[in-house]
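Spelled out, the chains give:
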Amino acid sequence: MSTTALHTTALLDSLGYSDADRQKLHETYRYLHAHPELSMQETETAAFLQARLEELGLEAFGCGGTGVVGVLRNGDGPVVGYRADTDGLPIGENTGLEYASTATGTLEDGTAVPVMHGCGHDTHMSVALAAAELLARNTDAWAGTVVFLFQPGEETAAGAKAMVADGLWDRAPKPEVIYGQHVWPGVAGGIEISSGTAMAMADSWRVTVLGRQAHGSQPEKSIDPIVLGAHMIVRIQTILGREVPAREAAVITVGTFHGGLKENIIPGSAEFTLNVRSFEPAVREQVLGALRRIIAAEAAASGAPEPVIEEISSFPRCYNEPAAAAEVLTALRGALGEEAVREVPPVMGSEDFGLLAEAIGVPSVYWMFGSTAAERLEAGEAVAGNHSPEFAPEPEPTLGTGLTAALAAILGRTGTGQQG
Ligand SMILES: [Zn+2]
Ligand SMILES: [Zn+2]
């Protein structure tokens with residue numbers, strides 16, 4: 001189901017949000033949806049964003065490779081950051097939408113892949129651009145500066161790091177708080193927000209298990225890296241069952257395990273990749289330490305060389321500073337209604353958003369906005385989620401809600417109460 005009527009809210013009305021504005025938001029969304037790019041390769045997306053920001057009269061500059069910053073100044077007042085991530089995923093879109101992506105890209109290892117905005121970052125960008133436009137047009141309604149952060153490479157945890165390393169906070173005004181939001185297949189029109197930890201820290205490693213190659217008939221001449229790797233993989237699950245206190249939350253997933261080419265050849269090495277998620281820095285340290293200990297000790301038990309551990313990615317905690325989160329909760333409920341905004345416990349998903357604020361020691365607040373028609377959820381329909389080839393947010397009221405939420409949070413801090 002998709003609504004063709006103008007979806008609006010009292011807040012959007014008060015800012016003069018017109019049918020033409022809504023058409024423009026949808027056109028932008030469909031354009032971005034059809035033109036996804038892989039993480040840290042968002043060149044055309046960045047050019048599109050920069051041109052659009054300049055058109056709206058913002059100071060815009062590139063940062064961190066394919067990141068774009070847009071600064072909207074409106075006199076003295078609070079400086080607020082608002083972040084939208086920009087990357088697509090290596091997924092072949094299968095939504096059947098008329099604006100579905102047929103784009104392709106090339107992974108770092110040279111593999112050609114289809115590309116899709118399978119995590120909905122196209123909704124984030126189009127909402128941020130529409131928010132910038134409405135704020136630029138309604139200078140009586142607020143005072144201060146809004147720094148729009150169009151961040152690349154969220155999916156690989158590379159983008160926020162790259163922007164900060166490229167001198168983001170020497171080049172842009174430093175905000176006192178940074179906001180961000182993510183689309184997910186919850187009820188469209190609704191928001192979910194946590195106070196305190198919102199999303200988990202996530203660490204991914206590649207472990208190369210070294211052994212000694214031999215013929216399958218002569219295991220006595222080998223150090224079998226498959227048997228050894230299997231022991232490691234089974235034993236590391238005991239970290240959660242026997243080492244981390246039961247009241248703490250953590251996950252260890254081994255997502256790949258590869259070794260060997262033929263059933264009667266014992267290979268010289270094998271490789272597995274793992275992903276660890278946790279909410280508390282102390283638990284993260286405990287789990288990562290135990291992983292290193294078990295991996296090394298199992299190798300020693302087999303008489304094998306020390307395995308090689310490489311970090312693939314590390315996502316920081318996404319933490320909603322409680323006072324700032326309470327302020328956003330009030331603003332969102334004011335704009336969308338009490339029932340539409342639910343307070344929820346943290347989720348095991350992860351985000352590199354937190355780094356942008358952590359780099360300058362300011363609070364940040366992050367929330368989720370839904371993208372599935374309530375009737376479909378009530379009917380118990382299995383709805384495709386983020387990272388699925390079938391993930392297809394209902395354009396409305398998803399975009400109108402995302403736009404209202406972005407503006408409510410920003411105006412909650414900068415508003416003069418004079419809109420309309
Ligand atoms: Zn994602
Ligand atoms: Zn995402």
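Residues numbered from 1 in each chain as written. Chains lettered and ligands numbered in written order. Predicted model: local features only at pLDDT ≥ 70, side-chain atom pairs only at ≥ 80, totals over all residues. Heavy atoms only, no water.

Draft legend 1. Focus on the UniProt feature "binding site: Mn(2+)" (unreviewed entry) in the protein chain. In the numbering used here, UniProt assigns the "binding site: Mn(2+)" (unreviewed entry) feature to Cys 119, His 121, Glu 155, His 182 and His 387. Separation in sequence by 269 residues is not matched in space for these annotated residues, since their most distant C-alpha atoms are only 13.0 Å apart. Taking the annotated residues in turn, Cys 119, Glu 155, His 182 and His 387 line the largest pocket. Mapped onto the fold, His 182 is located in strand β7 (residues 177–187). The buried category is assigned to His 182, whose relative accessible area is 7%. When near neighbours in sequence (up to four residues on either side) are disregarded, His 182 contacts Asp 85, Cys 119, His 121, His 124, Glu 351, Tyr 366, Trp 367, Met 368, Phe 369 and Asn 386. The topology assignment puts His 387 in the loop between α12 (374–378) and α13 (395–414). We classify His 387 as partly exposed; its relative accessible area is 41%. Among all residues touching His 387, those that are not within four sequence positions of it are Leu 89, Ile 91, Gly 118, Cys 119 and Glu 155. A distance of 3.1 Å separates polar atoms of two side chains, one belonging to His 387 and the other to Glu 155. (UniProt positions renumbered as here; feature names shortened; annotations may be inferred. 1 Å grid on protein atoms, 1.4 Å probe; cavity = no way out; pocket = protein on both sides within 12 Å on 5 of 7 lines; lining within 4 Å. Helix = DSSP H or I, 4+ residues; strand = E, 2+ residues; numbered from the N terminus. Buried < 20%, exposed > 50% of the residue type's maximum accessible area, 1.4 Å probe, protein only. Contact = heavy atoms within 4.5 Å. Polar contact = N/O pair within 3.5 Å; in protein donor to acceptor, adjacent residues only side chain to side chain.)

Draft legend 2. Representation of the layout of surface pockets in the model. Counted as a void, the largest pocket has a volume near 1,400 Å³. Lining of the largest pocket is provided by 48 residues; of these, Leu 89, Glu 155, Thr 156, Phe 315 and His 387 occupy positions nearest its centre. Mapped onto the lining of the largest pocket, the elements with two or more residues apiece are β7, β8 (191–193), β9 (196–199), β10 (201–210), β12 (250–259), β14 (269–278), β15 (308–315) and β18 (364–372). Top element by residues in the lining of the largest pocket is β14. It accounts for 5 residues. By residue class, the composition of the lining of the largest pocket is 21 nonpolar, 18 polar and 9 charged. Residues lining the lining of the largest pocket come from more than one domain, with at least three contributed by each of domain 1 (3–199 + 317–414) and domain 2 (201–315). (Points joined across faces, edges and corners; volume = space filled by probe spheres on them. Nonpolar A, V, L, I, M, F, W, Y, C, P; charged D, E, K, R; others polar. Domains from an automatic or database assignment.)

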